[in-house]
Amino acid sequence: MGGLPRRQGHDGEPAQASRGLVLVNPSLAPDTKLFLLAPVLTHVIRSMPGTGSGIKKPGEYELGPASMPVLLSALQESQVTVIPLPDGYHVATHDNDAQSIFEGSARFVSDHATAAGYR
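Keep in mind the model is a prediction, meaning the values are calculated, not measured.

1. Describing the overall build of the protein
Summing up its helical and strand segments, the protein has three helices and zero strands in all. For the protein, the α and β elements follow one another from N to C terminus as α-α-α. The 119 residues of the protein split such that 11% are buried. Partitioning the intrachain contacts of the protein with sequence separation of at least 6 by distance along the chain shows that 61% fall at a separation of at least 24. Looking at the protein as shown, the accessible area adds up to about 9,700 Å², and 58% of this sits on carbon and sulfur atoms.

In C-alpha cells:
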C-alpha cells in the first residue's frame, strides 16, 4: 500500500490537519495470503463470495486481526486507543455494540473539539 492521498478541502485547497480520527474495525490488510494470487485467479475465477456476514446479531461473521499491525505501524502507540467490542463482528456499527460505539465516538469528538478550542 502506498501513502494516504493528500486531503483537500471543499474549495480544492489543502485541508487542515485533523485533530483526531475514529476508526471502527478498519479493514486495512487481508487476513489470508490468498489475495496474493488475485492477479492470476482473476483470469480463472470471475468472482468469489464475500467473507460472510460481518454482523453478529442473529444470523453472522468476523474479520481477522491483520489490520491492527498496519494501523499501529503508522501511529505512535500513545495515539491509539483500542476499545474491545466483545458483542459484535466486523460491521460493528450495525451490531450489538453499536450504541457503545456511537456514544464513545461522540465523546471522543467532543473531547478533541474542546481541546482544540472548537467549543
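2. Thoughts on the confidence of the model for the protein
A residue-level look at the protein finds 66% of positions with pLDDT of 70 or above and a mean pLDDT of 75. Across the protein, the element-wise mean pLDDT spans from 83 in helix α2 (residues 67-74) up to 86 in helix α3 (residues 98-115). Here residues 1-5 scores under 50 on pLDDT; set against residues more than four positions off or in separate chains, the count is two contacts.

3. Comments concerning the side chain of Ser67
Relative to the assigned elements, Ser67 resides in helix α2. Reaching out from Ser67, the side chain makes a polar contact with the backbone nitrogen of Ala29 at a distance of 3.1 Å. Setting aside residues no more than four positions away along its own chain, Ser67 makes contact with Pro26, Ser27, Leu28 and Ala29.

Parameters and conventions
Residues numbered from 1 in each chain as written. Predicted model: local features only at pLDDT ≥ 70, side-chain atom pairs only at ≥ 80, totals over all residues. Heavy atoms only, no water. Helix = DSSP H or I, 4+ residues; strand = E, 2+ residues; numbered from the N terminus. Buried < 20%, exposed > 50% of the residue type's maximum accessible area, 1.4 Å probe, protein only. Contact = heavy atoms within 4.5 Å. Areas by Shrake-Rupley, 256 points an atom, 1.4 Å probe, with all protein chains shown as cover. pLDDT = per-residue confidence, 0-100. Polar contact = N/O pair within 3.5 Å; in protein donor to acceptor, adjacent residues only side chain to side chain.

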